[in-house]
Structure formats: C-alpha cells, structure tokens
Amino acid sequence: MDPVPGTPGISRKSFVNWLLGTSLGATLAAALYPVFRFVIPPEVAEAPVNRVLAARLSELPLNAGKVFRFGSKPGIVVRTATGEVRAFSAVCTHLNCTVQYRPDFQHVWCACHNGHYDLQGKNLSGPPPRPLEVYKVDIAGDDVYVTKGA
Amino acid sequence: MRLLDTLWKALDERLELAPLVEFATHKEVPQHRHSWAYYFGGLTLFFFAVQIATGILLLLYYRPTAEAAFESVQFIVTRVPFGWLIRSVHSWSANLMILAAFVHMFSVYLLGSYAKPRELTWWSGFLLLGLAMGFGFSGYLLPWNELSFFATRIGTDMTSKVPLAGPWLLTFLRGGEEVTGATLTRFFGFHVAVLPMLAAALLGLHLGLIQRQGMHVPGHLAEEARTRKPLRFLPNFVLREGVVWLFGLAVLAALAAFFPWELGNKADPFASAPAGIKPEWYFLFMFEALKLIPATVLGIEGELIGLGAFAVGGLVWFLVPVLDRASAHGRRSRLFLALGWGVLAYLVSFTVLSFLGAFQ
C-alpha cells in the first residue's frame, strides 16, 4: 500500500475504493430517490367538507341508521327509538371498517370484528379502542345537516 | 427419433448437458415411513403453475379500475365461454396452493428439516409462503366486491400500526388515504408483476437449494432410510409425484365445477360492512384472535398487542433454524417440537372453530 503523498495513513487503494464506493452510493441514491417519491401519490387538493346534507328526516324511520358520504369518508346518521337524531363518523376505530346501526341492539355495531358503540358513539364492547367521532346535527325542515368539528 | 437424437447431440455439443442428465439419473429420494412429506412441496408447485396459466387467461378480459373491475369479472363468469370455470379454478387453486404450502411447511418443521445446513431453504420457503399470502390478499381485492373491499380496508389498516413506517406503508399500499380505485390498480400491479417476479426468483433459489442438498432424512428415521432401497428420482419419484398432481387436479376440478367461486356484490365505499364478513380461511386464526383481544390491555390498545404478538411469532418461526441450536447437531429439541405442535393446534382449532361459528 503506497500512502498518497502528503496524506499519511491513507493508501492509494483505499482512497480509490472510497471514491468508487461513494460514487456508487450516490448513483444508487439518485436512482432510488425518484422511485421512492413516485410510489406515494400527490396530494389532491379537495375542498374541505365540513357540512353535508346527510339524510331526509322523512326517509329515516325511528330506530334506524343511514350511512352517508362525508367528503371522502363515510359518516352515519342515527334516529334513535325515541326520535333523537345523532351523527358520527362511520369509520370503526379498531381497523377502519364501516359501522352500521343495529335496530335489534339499538346501538351502533361493526360487523368486521364485533365492535359495539352506544348512541353517544362511545365504545361499549369488543375490540374498538376509542369512541366514534361525534358530529353536530342540525335539522332544517326535512333536511338533516351534519357538521364536523362542532 | 433420429431427429431428436440429432437435436440432442447438437445441444449437448454446445451446452455440455450430459452432466445434468447424469445428475438427474443418479438422483435418489430416500424412503422411510414419512416419505409422504416429500410430495407436498411439488403439489404446491403444481397449484402455482395452475395459477400462472389461469391468471394469464383472466388477464385477457380483466380490467383493473374501480368502475370496470367488477363488471369485467361478471362478464368473464357469465359471458365468456368457460369463463366461470377458469375463474373458479383460479380461486380454488389459490386456496389449495396455500393449503398444500401449509402442509409442506408443517411437515418440514415437525421432521426438523429446517436444521443446518438447510436454513436458506427454510427461509426462502417462509418468504414464498409470505408471497403466496400476498398473492391471496392482493388478488382478493381484484373483483372489487363488498367482502374484498372491507378485507382490504382492514388488512391495509393493520400496516399503519407498524412503528415509524406505518403511515408511509398505508399510503403506499392504498395509493392514497382511503381504499379507492387507486388501491385496486396498485394491487393489480403487485399481483401480476411484482409478486410473480419475486416468486420466480425465490422459487428458483428454493428448488436449486433442494437439488443441491438433496432430501433431508430426520435423525430418528436415518436407520430406516439406510435399510430401505431409495427411490430413483427419474423416473420413479417423478411418476409418483405425477400421480399426486393428478389427484390434486381431480380435487381442483371437482371443487371448481361443483362449487363455483361466488362473485358477491359490487363494492360500495359508502355502505356498512355486511354482517358475517370474514377473511379468507387462512387469515381466520388472526381474525378471530383479534376479535377476542379486549380494547385495551394494561393501557395499551389491544389491536397493537395482537398484531405485535403475530409479528414476534412470525419472526420466531422464521428464525427457528438459528434459535433451535440442538437441531444443528442433529438432535431434536423437545421445546421446538412442542412449539410446532402448539402452533399447528392453534391454527387448526381457530380455523375450524371459526367455520363452526364458535366466535359469534
């Protein structure tokens, strides 16, 4: 091993290896970085949806529920047996399934892993770790409007 | 025949093929009371070949978009001549392939065949089973029906629990935040391009290793294998394997013809998950266990504990050739033998009990 003149301790060979190694690493990084970015889709600018017409009161009998579209996610509006109207996110907090209203249980239920939520959206039993997100309900005539973050 | 002779001579002269033929004609398969286990890897390979053939046929009509996927599969099973049969064979063969792979894996495990020097064969086989399940998971979504839609929502949501990389993995798999047509197109790409390429490479390695090292004879059967005359690979073992394949084909044809695979209802991203929803049978053991774990255990989310336990279990299973030190010296460890039987008992009992509706 001949040390490079003026650089004690570094042999010519290890210097060349270092150059080759870093060049190869940089080439790989330059090739892989675009691939890494490419596989994640760009953010699509969507108008934030905060309030939607979820259902018509006349279509919603007592002790029934309806899944509605809230932006890109499903929501659920429930008319209890006593006539109150409530709304929640329909995305189960366990593993992302879409919940439903079970008239026989008189509460919200997820079919995927048997999760139960009460009429306040609170997780009653089964695997769901958190309550459902609660939405604000406004009734204007026959229209049931649901508002997020209220 | 003279033409074949001439062709053979021409090829042999250029590629020196004689040593390969020499190797194949001298190859022998040991015989003992558990030699039946040697046929299940081949049977898995047979079903994989059926998957490739029927998969290519389905590609002629299938369209991987949220708008057209369900309708294109409907067209295949209702209008295309024998379309119902090709699709049904593809679905059934996928399930039989996983079943054969499980039998193969457990027979290899319980006979201790993972031991040194066959660690690489075990690891490549483990990864192949992972790929097979990946094929199953990605292929399940392609008809874009209700069940597959929710199975994909659940399965991809599980990846989001992976520490650090979770959110990235979720977006990578779904092609966005939610399961949409973008997810379907991606899964199609994984199913017909990425996974087959990986499987071909791993399968080549797996089979190459087996050819190089020969069949494993468990220590306690060595005496029996010494006294019994081994089977010649060509033509005896190949012919017997052929009979097993024919048996596999008969079972496959009967299942596909008498129990055509259902298509179900088209996926609706804004509908509730249907009651009675279940994943494919080979995920049932995990599905039922996740249902049993409470919402929180010692202040930690139950699902995290469940998924973490499966991850650790998978890692232990993968590392068994290293962890079971006695195996490298030709001894059987009682602990690892008990572990194998325990895992098998858990998988079989949970799957059967789930089918019987014991977890309702």
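Here the structure is a predicted model, which is why all the values come from computation and not from measurement. (Residues numbered from 1 in each chain as written. Chains lettered and ligands numbered in written order. Predicted model: local features only at pLDDT ≥ 70, side-chain atom pairs only at ≥ 80, totals over all residues.)

Tallying secondary structure elements over chain A gives one helix and ten strands in all. Shown N-terminal to C-terminal, the secondary structure of chain A runs as helices and strands in the order α-β-β-β-β-β-β-β-β-β-β. For 150 residues, the compact-globule estimate of 2.2 N^0.38 gives 15 Å, and chain A exceeds it by more than 25% at 29 Å. Viewed in the frame of its principal axes, chain A has a C-alpha envelope of about 90 × 35 × 20 Å. The buried share among the 150 residues of chain A stands at 29%. Taking the intrachain contacts of chain A between residues at least 6 apart in sequence as the baseline, contacts between residues at least 24 apart amount to 35%. (Helix = DSSP H or I, 4+ residues; strand = E, 2+ residues; numbered from the N terminus. Rg over C-alpha atoms; globule rule 2.2 N^0.38 Å. Buried ≥ 20, exposed ≤ 12 C-beta atoms within 10 Å, placed from the backbone. Contact = placed C-beta atoms within 7 Å.)

Moving on to the domain arrangement of chain B. Residue and element names in this part refer to chain B. The domain boundaries assigned to chain B delineate domain 1 (41-273) and domain 2 (278-360). On a C-alpha basis, the centroid separation for the pair domain 1 and domain 2 is 20 Å. With 19 residues of domain 1 at the contact, the number on the domain 2 side is 15 residues. Taken together, the residues that form the side of domain 1 that touches domain 2 break down as 13 nonpolar, three polar and three charged. (Domains from an automatic or database assignment. Nonpolar A, V, L, I, M, F, W, Y, C, P; charged D, E, K, R; others polar.)

Let us look at the sheet that holds strand β8 (residues 123-125) of chain A. All names here are of chain A. Pairing within the open sheet is antiparallel, and its four strands lie in the order β5-β6-β7-β8. Of all the strands in the sheet, just β5 (100-102) and β8 have a single pairing partner and so form its edges. Taking each pair of neighbouring strands and ignoring which way they run, the sheet shows an average axis angle of 40 degrees. For β5 and strand β6 (residues 107-110), the ladder comprises three bridges, and the chain directions are antiparallel. (Pairing = 2+ DSSP bridges. Axes fitted to C-alpha atoms, helices over the stretch in contact; angles between N-to-C directions.)

So, on to the domain arrangement of chain A. Here chain A is described as being made up of domain 1 (1-40) and domain 2 (51-147). Here the C-alpha centre of domain 2 of chain A lies 58 Å away from the C-alpha centre of domain 1 of chain A.

Bringing the interface of chain A and chain B into the picture now. Taken together, the contacts link 23 residues of chain A with 26 residues of chain B. In terms of residue class, the side of chain A that touches chain B is built from 14 nonpolar, eight polar and one charged.

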